[in-house]
Amino acid sequence: MLVELYAAPAAAPQPTESPVSNAVGELPEQEPSLSPDQLLGSFDSREEAITFAKEQLANGGQHLTDTQSGMFDEHTHIEWLTLTTTHNDASTHTTYYLVTDEGY
């Protein structure tokens, strides 16, 4: 299984809408999609991708305090991942998308 890790725009700790959802029925060229510019890497497992994200934050001098994740729905292979860190007593939420090739 291949897992791609994407940086997500600043969002709430638990995003509610998939980055590829088409709830309002846009035309294909107007559908939302993940940007290749936001791709941080491809990994062999979900755990490797999460470890990479944690290490990136730790290398930036931030202390990891919480990890949350979840699926948007059963129809897409996209999961949100939010890492909560502290630095100088300030709490920060960093959100990522994990995309698997499962089922394709």
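Since we're looking at a predicted model, the values are computed, not measured.

Secondary structure summary: the protein chain contains 1 helix and 5 strands in total. In the protein chain, the succession of α and β elements from N to C terminus is β-β-α-β-β-β. The buried share among the 104 residues of the protein chain stands at 32%. Considering only contacts within the protein chain whose residues lie at least 6 apart along the sequence, 58% involve residues at least 24 apart.

Strand order across the open sheet formed by 5 strands is β2-β1-β5-β4-β3, with antiparallel pairing between neighbours. Every interior strand has two partners, whereas the edge strands, β2 (39–43) and β3 (63–71), have only one. The mean inter-strand angle of the sheet, taken between neighbouring strand axes irrespective of direction, is 25 degrees. In the sheet, strand β1 (residues 3–7) pairs with β2 via 4 bridges, with the strands oriented antiparallel. When the sheet's bridge partners are listed, L5 is paired in β2 with G41.

With that out of the way, let us pick up the nonpolar core. If you look at the biggest cluster of nonpolar residues, it comprises 11 residues: V3, L5, F43, A49, I50, A53, L57, L81, L83, Y96 and L98. Counting residues per element, the ones that place at least two in this core are β1, α1 (46–59), β4 (78–87) and β5 (90–100). For this core, the leading source of residues is α1, giving 4 residues. Counting 7 residues, the second-largest nonpolar core is a separate cluster that includes F72, I78, W80 and Y97.

Turning our eyes to something else, we now look at the confidence of the model for the protein chain. Summing up the model confidence of the protein chain, the mean pLDDT is 83 and the portion of residues at 70 or higher is 82%. Mean pLDDT in the protein chain bottoms out at β5, which sits at 90, and peaks at β2, which reaches 95.

This part covers the side chain of T85. Structurally, the position occupied by T85 is in strand β4. T85 sits in the buried class, given a relative accessible area of 1%. Side chain to side chain, T85 and Q62 meet in a polar contact 2.5 Å long. Dropping the residues within four chain positions of it, T85 is found in contact with L57, Q62, H63, L64, T65, A90, S91 and T92.

Basis of the calculations
- Residues numbered from 1 in each chain as written.
- Predicted model: local features only at pLDDT ≥ 70, side-chain atom pairs only at ≥ 80, totals over all residues.
- Heavy atoms only, no water.
- Helix = DSSP H or I, 4+ residues; strand = E, 2+ residues; numbered from the N terminus.
- Buried < 20%, exposed > 50% of the residue type's maximum accessible area, 1.4 Å probe, protein only.
- Contact = heavy atoms within 4.5 Å.
- Pairing = 2+ DSSP bridges.
- Axes fitted to C-alpha atoms, helices over the stretch in contact; angles between N-to-C directions.
- Core = buried A, V, L, I, M, F, W, Y, C linked by side-chain atoms within 4.5 Å.
- pLDDT = per-residue confidence, 0-100.
- Polar contact = N/O pair within 3.5 Å; in protein donor to acceptor, adjacent residues only side chain to side chain.

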